Amino acid sequence: MSLDYSAAVAANRFGLGARPGELDLIGADARGWLEGQLRGTAPSLPATGLRSTADILTDAAAIRQQLLAQRRAAAGKPAAAESTEALAAVMRLPQLLRPIYIAEVQARLRNAVATERPWVERLVYFWSNHFAVSVDKLAVLGVAGSLEREAIRPHVLGNFRELLLAVEQHPAMLLYLDNQRSVGPNSVLAQRAARRERRLGLNENLAREILELHTLGVDAGYTQADVTSFAKVLTGWSLGGGYGAGKMQDGASGLFLFRPALHEPGAQTVFHHRYDQPEQAQGRAVLTDLALAPATARHIATKLARHFIADDPPPAAVARVAQAFQRSGGDLPQVYRALFEGGEAWQTPLAKYKTPQDYLLSIYRGLQLPVADGPKSIAAFDVLGQRQFAPGSPAGWADRSDDWDGASALMKRIEFADALAQRLGGTRAVAELGPQLLGATYSDETRVSLQRAASDGQALTLLLTAPEFLRR
Amino acid sequence: MNRDQPAPINRRALLKLGLAAGGAALATRYSFAAPAASPSRFVFIIMRGALDGLSAVPPYADPDYARLRGELAIAAPGAGDGALALDGYFGLNPGLTFMHEAYGAHELLVLPAVATGYRERSHFDGQDVLESGITQPHATQSGWLNRALVNLPAARHRGRESGVALAQNVPLVLRGSAEVASWSPSVLPDLDDDTMRRIADRYASDPLLARRLAEALATGGEVDQSPAQAMGGDAAGAAGAGGAVGNAAMTAVVRSTAGRYIETVRTAAGFLRRDDGPAVAVFDTTGWDTHFNEGGAQGQLRTRLAVLDQSLSTLKETLGDVWPRTVVLLATEFGRTAAANGTRGTDHGTGSAAFLLGGAVAGGRVLADWPGLSARNLYQQRDLKPTLDLRSVMKSVLHEHLQIASGALDRDVFPDSSAAPYVAGLLRNNEA
């Protein structure tokens, strides 16, 4: 007779790691527990005093303007007089943005520890990674968190098209992939500039990554010509305030703004379709078609199945999820259901190696650790190799064991777990914790190693480094 | 995180202990043979994000260069902020002062128009090809450098691992069946050996974790004394500051992480210097994706190149008498558009520059079959046309420097590289 892994799979694979009591709550109805979380409105972060993107970018733009003015004023002076002042001035932007970043990560972490809908929260993390921005670009340091709050959370239980439109119009994405100043070669602005012998033109970064990463996927068969045409379509998708091209300062600061003067006039052909809509409607039409394209359904289904079933998911599971995507026109709850309707995820417990983020969240939830104020509480993400909102590229964090199971990475988990266990000492009843967190995946070998431990602290280290705790 | 009884552990000792006790988890096939003299070293530096070769190695004498590049163009040597002189046609980006010295010392070979076999423009597929050595993206889960290590002559395989990656996890280029290590600095305290032994016992039945733990223990011992300051510092956004902040911000902000990177390189070079150190190492660098405000003689790209340049100088200095037996290859997944784009940057392209650096390199030369930048000579009327296959460079270096048999190189390491012939004369003849 085989063990029933379903509660452990639900809590640890689909959720963020069991909290004490969670496996009992799930009981024998793992599917019901997942299904229940898909009902109702998408959860927002509890009131936390976090600021809006527009607010943050308005402050950042003001500092940028001051810096620009200072640099102009300093242009004629000797370099020495400039340097100390200039350096202090330059640090003002990170000084504004870094506390905002820390507050965002803490709010997100606190919510992950406390939430009773951890499966929906994991889906938020999934989409945040699918539509990745990276804070190693200073321009998005303050707004990576607000992108997730404003564009991803509201649509996580909605439709993919709405999610896509919200993300691609969000200032953080436009800044990250450099679209705010991309100018059509025949636009009003480019022609005006040409008369003054200045060259303005396209930046194809956003267009390429939408096709390759956000929608169709790299093997869908689009060409360089599609990328260039789509980049023309997206000209004018910009921001208000001090983020426009040239000297443009108009529009509400830090909000999405379509700037007609930057837009390339005329029809464009993108991925076999011709688009002759005016202005912003052209981009919306392209994104709508991309959202519903069969290649997009396959691409999203593959990534979801890889995240929730296995590094190399069974083709039948991918096909089923892709079909649910297409049949429902991208209705996300129906897509999610297709993930757990089949048996694949339930029959293969521990198929996924935890990322550092998975690992830390499962520790925070399992031990119900408090999240202190100040930067130290989030330093563990850096130390274990997954600094929050910093995947380093628009492809986001990788999602395969190979990318996370390195020797040095393992040693850091062991050292981290041990340091934590030393700090907590005998404050946790570790022997009871094993079955509470790991359910049917809790092995006899780990049980025995915990029983034989020399101290509660050592037992906790052994639990947090057990093979079944390193996987989900 | 305080602990009551700091119990430092010598992991080397533990490893031996584990082996002596027959602990399955710690059983490794690392050799502890006495080191022989003068092993060669190969360092591969991946420049992720698509380096703009035309700015790293500006062809200032090409008649189309200044026109295409506009404000990104770097002037001829001698002009204010001009390129650093090479051969009268090409120069080096003004940020690359150490590399320029190395060129003068005949230790830098400049390859201004190279590419892998990949001809699309996705970073992620392009990096996969650069690392796997196979032209079809995602065709394999192993990297060319690991497959080369499998074929390393036994006499040269005297370290415990033959390869090390400067990262927490091993990048694709070093993944595969040969034992490799990954290393990154740690601020966390060591475990007491009793706890470590219990963890090792528990992993004995888990092949992946047993292998990883053994690798970590084998690498850990001699580097634990490395300075911890390399981690943890200011985690502010590192790069890409655009707009009004401009270059000063880039310099200032990059500096805080640049120091960290250079310290890490210094420690890694310490590994390589050891007699029983690894034969090859891989360093990852990022941030070369300059779509916006790239800068020319000054600016974002120059700043980043200067940090890289400084880390190379550190590498040479730390390697000391191993430097004459060292080859460093710097390469990127593809290049960028020949013309500047509309936002003072460049978009994804094809041909880019690569570099061979080190005491074993027959340097002081630019190796170019220069295709030119006129419209009809550009690849798809858009990008620098590559005239040298990176696999030719990789194969030749592996063959000459690490003595890997050409049969193995053509069959296992670069199986679809028959169109990429070996290039003679990249390295000095007197190399052991």
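One structure accompanies this document, and this report is about it. (Residues numbered from 1 in each chain as written. Chains lettered and ligands numbered in written order. Predicted model: local features only at pLDDT ≥ 70, side-chain atom pairs only at ≥ 80, totals over all residues. Heavy atoms only, no water.)

## With respect to the overall build of chain A
Item 1. Of regular secondary structure, chain A possesses 24 helices and four strands.
Item 2. Counting over 472 residues, chain A shows a buried share of 62%.
Item 3. Partitioning the intrachain contacts of chain A with sequence separation of at least 6 by distance along the chain shows that 75% fall at a separation of at least 24.
Item 4. With an accessible surface of roughly 17000 Å², chain A has 53% of that area assigned to carbon and sulfur atoms. (Helix = DSSP H or I, 4+ residues; strand = E, 2+ residues; numbered from the N terminus. Buried < 20%, exposed > 50% of the residue type's maximum accessible area, 1.4 Å probe, protein only. Contact = heavy atoms within 4.5 Å. Areas by Shrake-Rupley, 256 points an atom, 1.4 Å probe, with all protein chains shown as cover.)

## A look at the packing of aromatic side chains
Residues and elements named next belong to chain A.
Item 1. The final tally for this structure, using the stated rule, is 21 aromatic pairs over all chains.
Item 2. For the pair tryptophan 119 and tyrosine 336, a centre-to-centre distance of 5.9 Å together with 70 degrees between the ring planes defines the contact as edge-to-face. Of the two residues, tryptophan 119 sits in helix α7 (residues 118-130) while tyrosine 336 sits in helix α17 (residues 332-341), which places them 217 residues apart along the sequence. The pair tryptophan 119 / tyrosine 336 is uniform in exposure class, with both members buried.
Item 3. Ring plane angle 50 degrees and centroid distance 5.7 Å describe the contact between tryptophan 397 and tryptophan 404, whose orientation is recorded as tilted. Tryptophan 404 matches tryptophan 397 in its accessibility class, with the two residues each being buried.
Item 4. One aromatic cluster is present, built from ring pairs that chain together Phe14, Trp119, Phe308, Tyr336, Phe340 and Trp346. (Phe/Tyr/Trp six-rings, centres within 6.5 Å; stacked < 30°, edge-to-face > 60°.)

## A look at unusual backbone geometry
Residues and elements named next belong to chain A.
Item 1. The phi torsion at leucine 350 lies on the positive side, around 65 degrees, for a residue other than glycine.
Item 2. Relative to the elements of secondary structure, leucine 350 occurs in the loop between α18 (344-347) and α19 (356-367).
Item 3. Overall, the relative accessible area of 26% leaves leucine 350 in the partly exposed class.
Item 4. Non-glycine residue glutamine 368 carries a positive phi angle of around 50 degrees.
Item 5. Along the chain, glutamine 368 falls in the loop between α19 and α20 (379-383).
Item 6. Residue glutamine 368 is classed as partly exposed on the basis of its relative accessible area, which comes to 37%.

## Thoughts on the pattern of salt bridges
Residue and element names in this part refer to chain B.
Item 1. For the structure shown, the criterion picks out 51 salt bridges over all chains.
Item 2. Across the salt bridge formed by glutamate 107 and lysine 316, the nearest N and O atoms sit 3.3 Å from each other. One end of the pair, glutamate 107, is in the loop between α4 (97-104) and β4 (108-115); the other, lysine 316, is in helix α10 (residues 300-319), and 209 residues separate them in sequence.
Item 3. Using a relative accessible area of 13% as the deciding quantity, one classes glutamate 107 as buried. (Salt bridge = Lys/Arg side-chain N within 4 Å of Asp/Glu carboxyl O.)

## Structural notes on the nonpolar core
Item 1. In this structure, A:Trp119, A:Trp127, A:Phe160, A:Phe230 and B:Leu213 are the most contacted members of the largest nonpolar core, which totals 161 residues.
Item 2. Top contributing element to this core by residue count: helix α6 (residues 92-114) of chain A, with ten residues.
Item 3. The contacts of A:Trp127, once residues within four sequence positions are left out, are A:Ile152, A:Val156, A:Phe160, A:Leu163, A:Ile300, A:Leu332 and A:Tyr336.
Item 4. By size, the runner-up hydrophobic cluster in this structure holds 57 residues, among which are B:Leu51, B:Leu108, B:Trp183 and B:Leu312. (Core = buried A, V, L, I, M, F, W, Y, C linked by side-chain atoms within 4.5 Å.)

## A few points about the environment of B:Thr326
All names here are of chain B.
Item 1. Considering the arrangement of structural elements, one finds threonine 326 in strand β8 (residues 326-332).
Item 2. Its relative accessible area of 0% is what places threonine 326 among the buried residues.
Item 3. Placed 35 residues apart in sequence, threonine 326 and valine 361 show a C-alpha to C-alpha distance of 7.9 Å.
Item 4. Ignoring any residue separated from it by four or fewer positions in sequence, one finds threonine 326 in contact with Arg41, Leu319, Leu357, Gly358, Gly359, Ala360 and His401.
Item 5. At a separation of 2.8 Å, a polar atom in the side chain of threonine 326 contacts the main-chain carbonyl oxygen of valine 322. (Polar contact = N/O pair within 3.5 Å; in protein donor to acceptor, adjacent residues only side chain to side chain.)

## Here we look at helix α5 (residues 123-132) of chain B
Residue and element names in this part refer to chain B.
Item 1. The element α5 is extensively covered by neighbouring structure, given that ten of its ten residues are classed as buried.
Item 2. Buried residues of α5: His123, Phe124, Asp125, Gly126, Gln127, Asp128, Val129, Leu130, Glu131 and Ser132, and no others.
Item 3. Following α5 by one or two positions, glycine 133 has its phi on the positive side, about 80 degrees.

## Quick look at the interface of chain A and chain B
Item 1. Across the boundary between the two partners, chain A contributes 78 residues, which contact 75 residues of chain B.
Item 2. With both chains or domains summed, chain A and chain B bury close to 6200 Å², and 55% of this area falls on carbon and sulfur atoms.
Item 3. The three residues of chain A that bury the most area against chain B are A:Arg199, A:Met411 and A:Glu415, which together make up 9% of that side's buried surface.
Item 4. Taken together, the connections running from chain A to chain B amount to seven salt bridges.
Item 5. Two residues, A:Glu204 and B:Arg382, come together in a salt bridge whose shortest N-O distance is 2.7 Å.
Item 6. Joining chain A to chain B, the criterion identifies 28 residue pairs in polar contact (both at pLDDT 80 or more).
Item 7. With 14 residues, the top contributor of residues to the side of chain A that touches chain B is helix α21 (residues 407-424) of chain A.
Item 8. Taken together, the residues of the side of chain A that touches chain B sort by class into 32 nonpolar, 19 polar and 27 charged. (Buried area = accessible area lost by both parts, 1.4 Å probe. Nonpolar A, V, L, I, M, F, W, Y, C, P; charged D, E, K, R; others polar.)

## Considerations on the pairing of strand β1 (residues 41-47) of chain B
Residue and element names in this part refer to chain B.
Item 1. Across the seven residues of β1, seven count as buried, placing the element largely inside the fold.
Item 2. Neither face of β1 is exposed, since Arg41, Val43, Ile45 and Met47 on one face and Phe42, Phe44 and Ile46 on the opposite face are all buried.
Item 3. Pairing between β1 and β8: seven bridges, direction parallel. The residue bridging phenylalanine 44 from the neighbouring strand is leucine 329, located in β8.
Item 4. Strand direction decides the pairing type here: β1 and strand β7 (residues 280-285), joined by six bridges, are parallel. By the bridge assignment, isoleucine 45 is partnered in β7 with phenylalanine 283. (Pairing = 2+ DSSP bridges.)

## Points about the pairing of β7(B)
Residues and elements named next belong to chain B.
Item 1. Most of β7 is tucked away: five of the six residues are buried.
Item 2. Judged from the three bridges that link them, strand β5 (residues 163-165) and β7 form a sheet pairing that is parallel. Paired with glycine 163 across the strands is valine 280, a residue of β7.

## A word on the packing of helix α8 (residues 144-152) of chain A against helix α9 (residues 160-168) of chain A
Residues and elements named next belong to chain A.
Item 1. It is at 9 Å that the axes of α8 and α9 come closest, and there the two elements cross at 145 degrees. Here α8 and α9 pass one another in a crossing that is right-handed. Packed against α8, whose contacting residues are Leu147, Ala151 and Ile152, the element α9 presents Leu163, Ala166 and Val167 at the interface.
Item 2. In the contact of α8 with α9, the residues fall into six nonpolar, no polar and no charged. (Axes fitted to C-alpha atoms, helices over the stretch in contact; angles between N-to-C directions. Left-handed = near helix turned anticlockwise from the far one by under 90°.)

## Digging into the environment of B:Ala362
Residue and element names in this part refer to chain B.
Item 1. Note on placement: alanine 362 falls in the loop between β9 (352-357) and β10 (365-366).
Item 2. On the basis of relative accessible area, alanine 362 is assigned to the buried category, the value being 18%.
Item 3. Along the chain, alanine 362 and alanine 105 lie 257 residues apart, while their C-alpha atoms are 10.0 Å from each other.
Item 4. Beyond its immediate sequence surroundings of up to four residues, alanine 362 is in contact with His106, Leu109, Gly425, Leu426, Leu427 and Arg428.

## Examining the side chain of A:His170
All names here are of chain A.
Item 1. In this structure, histidine 170 sits in the loop between α9 and α10 (171-176).
Item 2. On the accessibility criterion, histidine 170 (5% relative accessible area) is buried.
Item 3. Ignoring sequence-local partners within four residues, the contact set of histidine 170 consists of Thr53, Val143, Ser146, Leu147, Glu150 and Ala151.

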